[in-house]
Structures are given as C-alpha cells and as structure tokens.
Amino acid sequence: MLQTNDATDWNELFKLYYRPLCLFALHFVDDADDCEDIVQECFVKMWRRKSEGHVVSDAKRYLFASVKNACLTASGKGCAVVPIDGNESAEIAASDDEIDRSQREARLWTAIDSLPERCREVLLMCKRDGMSQADVASQLGISVKTVENQMSKAYRVLRGKAAEIWQMAVGWLF
C-alpha cells in the first residue's frame, strides 16, 4: 500500500521514480518535454486520488501504468482498461521488463551524469551522437589522443558502476 502520509514521502517517491518514468515515457513519446509533463501529471493524478481516499497498493506499478497510458493517449494509440491491483484500475499495465529496463536506464544516466564534464561530453558525442573520435576532437579543439583518453576514462568509471546499474542482475550472479 502507498505509504505517503507527508510531503517527505512524496518527495522520496518523486526522486525515486521521476527519471525512470521519464525514460520510460521516451519509448512512447518522442519529445522529452512532453514526457516530463506526462510524468508530472501522473504524479499529480496519484496525489489527488490519494487525497480523495483512494488506495494505491503499488505506487511503482500505478505510476508506470499511468505513464504508459498517458503516453499512448498522447500519441493517439489509445488504450484499454486493465486492472493492476485489487483496488485500482489503470489502463495498460506496464510489464516488469519495461519497468526494469527504465530503472536500469535511469541508473546508467545517473552514472553518466556523474562523469567529469569533459569526459561526459566526449562520451555523449561519440556514443549518443555517433560522431567519430576525429570529429569530436575537431569540434572540441582537442587531440584524438585526448578523446581516446576521455573515452577510456568514461568506460573505466562506468564499468566500476556496472553493479549499481545492473543491480538486480548482479544479485543473481553472486
């Protein structure tokens, strides 16, 4: 059952699920700003339902299902009502795999965000933007060797955080 009796609990819930929900929404809606709006509205909807006395027994499932429904509605794909727990109905429940993938993506982006600025910039230009190391070097006014070093540093840091990123799978490995 959702245990959100004060603002601190809601704050923690928001911190825990906001980024994974936004990344989840990006699988359905192409615009990041629209995704953020959808996620915020789903939090507000859940807050209102709670304040009206409705019980949400699984906040995570409720939020992911609400976001998926809102995204499908926004993209014009529509939705069908599927119950997600005994007391609450939400349209189109999100699968465990979808939820896990979004939470891993959020942990990955948190790890990327923790990289030093230049290192993060080089990694994103190479991997997200698909630029060659020579193009990155030229655009940033640095040597190709510096780009290689920054990429190596980024990979080293991310490998060190792999257990955090894949935390559920790691539990099965040890």
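Residues numbered from 1 in each chain as written. Predicted model: local features only at pLDDT ≥ 70, side-chain atom pairs only at ≥ 80, totals over all residues. Heavy atoms only, no water.

Colleague: Mind showing me how you'd approach the confidence of the model for the chain here?
Modeller: As a note on interpretation, predicted positions should not be read in detail where pLDDT is low. Averaged over all residues, the pLDDT of the chain is 80; the fraction at 70 or higher stands at 80%. Counted against residues more than four places away or in other chains, residues 80–91, with its pLDDT under 50, gives 29 contacts. Counting interchain partners and residues more than four positions distant, the pLDDT-below-50 stretch residues 168–174 has four contacts. (pLDDT = per-residue confidence, 0-100. Contact = heavy atoms within 4.5 Å.)

Colleague: Quick question: what am I supposed to make of the packing of aromatic side chains here?
Modeller: To describe a pair of aromatic rings, one takes the distance between the centres and the angle between the planes. Counted under the stated rule, the structure contains six aromatic pairs. Each ring, one from Y17 and one from F64, has its centre 6.5 Å from the other, and the planes form 85°; the classification is edge-to-face. Highlighted residues: Y17 in helix α1 (residues 7–25) and F64 in helix α3 (residues 59–74), separated in sequence by 47 residues. When sorted by exposure, Y17 lands in the same class as F64, which is buried. The structure contains a cluster of three or more aromatic residues connected by ring pairs, namely Y17, F24, F28 and F64. (Phe/Tyr/Trp six-rings, centres within 6.5 Å; stacked < 30°, edge-to-face > 60°. Helix = DSSP H or I, 4+ residues; strand = E, 2+ residues; numbered from the N terminus. Buried < 20%, exposed > 50% of the residue type's maximum accessible area, 1.4 Å probe, protein only.)

Colleague: Any chance you could explain the packing of α3 against helix α4 (residues 96–113) here in plain terms?
Modeller: The description of two helices packed together rests on the angle between their axes and the distance between the axes. Interhelical geometry of α3 versus α4 gives an angle of 95° and a closest axis separation of 11 Å. Taken together, the axes of α3 and α4 lie roughly perpendicular to each other. Where α3 approaches α4, its residues K60, R61, F64 and K68 are matched on the opposing element by D96, E98, I99, S102 and Q103. Grouping the amino acids of the contact of α3 with α4 by side-chain chemistry returns two nonpolar, two polar and five charged. (Axes fitted to C-alpha atoms, helices over the stretch in contact; angles between N-to-C directions. Parallel < 35°, antiparallel > 145°, perpendicular 65-115°, else oblique. Nonpolar A, V, L, I, M, F, W, Y, C, P; charged D, E, K, R; others polar.)

Colleague: Just checking my understanding: could you explain the nonpolar core for this structure?
Modeller: In summary, soluble globular proteins display a tendency toward joint burial of nonpolar side chains. The biggest cluster of nonpolar side chains holds 26 residues, and the ones touching the most others in it are L13, L21, M46 and V67. Ranked by the residues each element gives to this core, the list is headed by α1, at eight residues. When residues no more than four places from it in sequence are discounted, the contact partners of V67 are L21, F24, A25, I38, V39 and C42. Formed by 17 residues, the second largest nonpolar core is a distinct cluster that contains A111, C119, L124 and L158. (Core = buried A, V, L, I, M, F, W, Y, C linked by side-chain atoms within 4.5 Å.)

Colleague: Can you walk me through the pattern of salt bridges in this structure?
Modeller: Oppositely charged side chains may form a pair once their charged atoms are brought near each other. Applying the stated rule across the entire model yields six salt bridges. Among the ionic pairs, D113 bridges to R19, the shortest N-O distance being 2.4 Å. Of this pair, D113 sits in helix α4 while R19 sits in helix α1, placing them 94 residues apart in sequence. For D113, a relative accessible area of 38% corresponds to the partly exposed category. In this structure, the salt-bridge partner of E121 is R118, at a minimum N-O distance of 3.5 Å. Of this pair, E121 and R118 both sit in helix α5 (residues 117–128), three residues apart, roughly one helical turn. (Salt bridge = Lys/Arg side-chain N within 4 Å of Asp/Glu carboxyl O.)

Colleague: How do you make sense of helix α6 (residues 133–140) when you look at a structure like this?
Modeller: Along an α-helix, residues three or four apart share an orientation, since each turn contains 3.6 residues. Within α6, burial applies to V136, A137 and L140. The arc that holds the buried residues of α6, viewed along the axis, is 100°, so those residues lie on one side. In α6, the exposed positions that point more than 90 degrees away from the buried face belong to S138 and Q139. Each element contacted by the buried residues of α6 is listed here: α5 and α7 (144–160). Just downstream of α6, G141 is the residue with a positive phi angle, here 70°. (Arc of directions from axis to C-beta.)

Colleague: Please clarify how a negative patch on the surface should be interpreted in this entry.
Modeller: A cluster of acidic side chains, namely D30, D31, D33, D34, E36, D37 and E41, defines a negative patch on the protein surface. For D37, the position within the fold is in helix α2 (residues 32–51). We classify D37 as partly exposed; its relative accessible area is 45%. (Patch = residues over 30% accessible without salt bridge, like charges linked within 9 Å, V, L, I, M, F, W, Y side chains within 5 Å. Areas by Shrake-Rupley, 256 points an atom, 1.4 Å probe, with all protein chains shown as cover. Lys, Arg positive; Asp, Glu negative; His and termini not counted. Charge placed at Lys NZ, Arg CZ, Asp CG, Glu CD.)

Colleague: How do you make sense of the side chain of S66 when you look at a structure like this?
Modeller: Looking at the secondary structure, you find S66 in helix α3. Those residues in contact with S66, other than ones at most four positions away along the chain, are C42 and K45.

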